Amino acid sequence: AQKITQTQPGMFVQEKEAVTLDCTYDTSDPSYGLFWYKQPSSGEMIFLIYQGSYDQQNATEGRYSLNFQKARKSANLVISASQLGDSAMYFCAMRNAGGTSYGKLTFGQGTILTVHP
Amino acid sequence: NAGVTQTPKFQVLKTGQSMTLQCAQDMNHEYMSWYRQDPGMGLRLIHYSVGAGITDQGEVPNGYNVSRSTTEDFPLRLLSAAPSQTSVYFCASGRGSYNEQFFGPGTRLTVL
C-alpha cells in the first residue's frame, strides 16, 4: 500500500526567507508521480508542482522546487523568498501508475506554513 | 471554461437522509474522483473513475455510491447520512495518471 508522511504539523518562516516542507513516501510501484498542493484558508486546493519517478531533474515552478531524493523516498517542497500569501496548508500527494493502486491519489496529513512579516 | 464545479457549497442533513453531491468538469478529463477532508487526516479518496462507465472504490467508500454516465459528470450519493460523514467533500479531475488533478471548490456537509 502506498503511504505519504508529512512529519511537520506546523512550520514558521520569516518573509523573504526560504523554507523546506518535508514529505516522505512509501510505494512498491516503480512508476509513480508526486504532487504538492496548497490549501489557503479559503479552502480551495491549488496545484503547485509535480515530479515523476523517472524524471532525472528536480521539478521547479517559479519559487517552488521539489527536492526529489528517490533512494530516500523523499520529495521535499522548497519555497524560496517566502511571501505573506504563502501562509497556508500544504499537502504532499502521490499517484501510482499501475497495479492495484492505479490512478489513486494518496495525500499526506499536511503542514501548516505561517509566514511572519 | 469553468473547470471543476461542485454543488451545493453547503448542506445540512439529518441522520438517515440521502442526497447527491454534484460534480462537473468541462475539460474533457478522463479521471474524476471524490475525496473527503477531515481535520488532522488530510484528504482521503472515496471513489474514483477512469472514464465514463468505469468506477472504483478508494480508501473510504462505505456509505457512498457513484456512477459515471458521461465524461463531464461524477455525482456522489450518500445513501443514508450519518454524523460520521460530516466533512468537506472535494471533487477532482485530471487528464491522466501523471497529470495534476484539478479540484473543485468543495462542499461542506454537516449531518446532525
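## Here's the deal with the overall build of chain B
And then number 1: Of regular secondary structure, chain B possesses 0 helices and 11 strands.
And then number 2: Ordered by position from the N terminus, the helices and strands of chain B form the series β-β-β-β-β-β-β-β-β-β-β.
And then number 3: Taken over C-alpha atoms, the radius of gyration comes to 13 Å for chain B, in line with the 13 Å a tight globule of 112 residues would show.
And then number 4: Put simply, 54% of the contacts in chain B that link residues at least 6 apart link residues at least 24 apart.
And then number 5: Entry remark: accessible area of chain B is about 5000 Å², with carbon and sulfur atoms responsible for 51%.
And then number 6: Between the averaged position of the 8 positive side-chain charges in chain B and that of its 8 negative side-chain charges there is a distance of 10 Å.

## Side note on the packing of aromatic side chains
Working definition: an aromatic ring pair is given by the centre-to-centre distance plus the angle between the planes.
And then number 1: Under the criterion given, the structure shown has 13 aromatic pairs over all chains.
And then number 2: On the numbers, 6.4 Å between centres and 65° between planes, the contact of Phe 35 of chain A with Phe 47 of chain A is edge-to-face. Of this pair, Phe 35 of chain A sits in strand β5 (residues 32-39) while Phe 47 of chain A sits in strand β6 (residues 46-52), and the two are 12 residues apart along the sequence.
And then number 3: Under the relative-accessibility criterion, Phe 35 of chain A is labelled buried at 1%.
And then number 4: On the accessibility criterion, Phe 47 of chain A (26% relative accessible area) is partly exposed.
And then number 5: Look at Phe 107 of chain A and Tyr 35 of chain B: their rings are 5.5 Å apart centre to centre, the planes differ by 85°, and that puts the pair in the edge-to-face class. Remark: Tyr 35 of chain B occurs in strand β4 (residues 31-37) and Phe 107 of chain A occurs in strand β11 (residues 105-107); the pair is interchain, linking two chains. The burial state of Phe 107 of chain A is the same as that of Tyr 35 of chain B; both residues are buried.
And then number 6: In textbook terms, an aromatic cluster arises when at least three aromatic residues are bridged by ring pairs, as seen for Phe 35, Tyr 37, Phe 47, Tyr 50, Phe 91 and Phe 107 of chain A together with Tyr 35, Phe 90 and Phe 103 of chain B.
And then number 7: Lying over the aromatic face of Tyr 64 of chain A, Arg 63 of chain A brings its terminal NZ or CZ to 5.7 Å of the ring centre.
And then number 8: In this structure, Arg 95 of chain A packs its charged tip against the face of Tyr 31 of chain B, placed 4.2 Å from the ring centre.

## Examining the interface of chain B and chain A
And then number 1: Each partner contributes residues to the interface: chain B has 18 residues there, and chain A has 22 residues.
And then number 2: Along the contact surface separating chain B from chain A lie 2 residue pairs in polar contact (both at pLDDT 80 or more).
And then number 3: For the side of chain B that touches chain A, a count of residues per class yields 9 nonpolar, 8 polar and 1 charged.

Reading the values: rules and limits
Residues numbered from 1 in each chain as written. Chains lettered and ligands numbered in written order. Predicted model: local features only at pLDDT ≥ 70, side-chain atom pairs only at ≥ 80, totals over all residues. Heavy atoms only, no water. Helix = DSSP H or I, 4+ residues; strand = E, 2+ residues; numbered from the N terminus. Rg over C-alpha atoms; globule rule 2.2 N^0.38 Å. Contact = heavy atoms within 4.5 Å. Areas by Shrake-Rupley, 256 points an atom, 1.4 Å probe, with all protein chains shown as cover. Lys, Arg positive; Asp, Glu negative; His and termini not counted. Charge placed at Lys NZ, Arg CZ, Asp CG, Glu CD. Phe/Tyr/Trp six-rings, centres within 6.5 Å; stacked < 30°, edge-to-face > 60°. Buried < 20%, exposed > 50% of the residue type's maximum accessible area, 1.4 Å probe, protein only. Lys NZ or Arg CZ within 6 Å of the ring centre and 35° of its normal. Polar contact = N/O pair within 3.5 Å; in protein donor to acceptor, adjacent residues only side chain to side chain. Nonpolar A, V, L, I, M, F, W, Y, C, P; charged D, E, K, R; others polar.

Shape is all these values report; function is a separate question.
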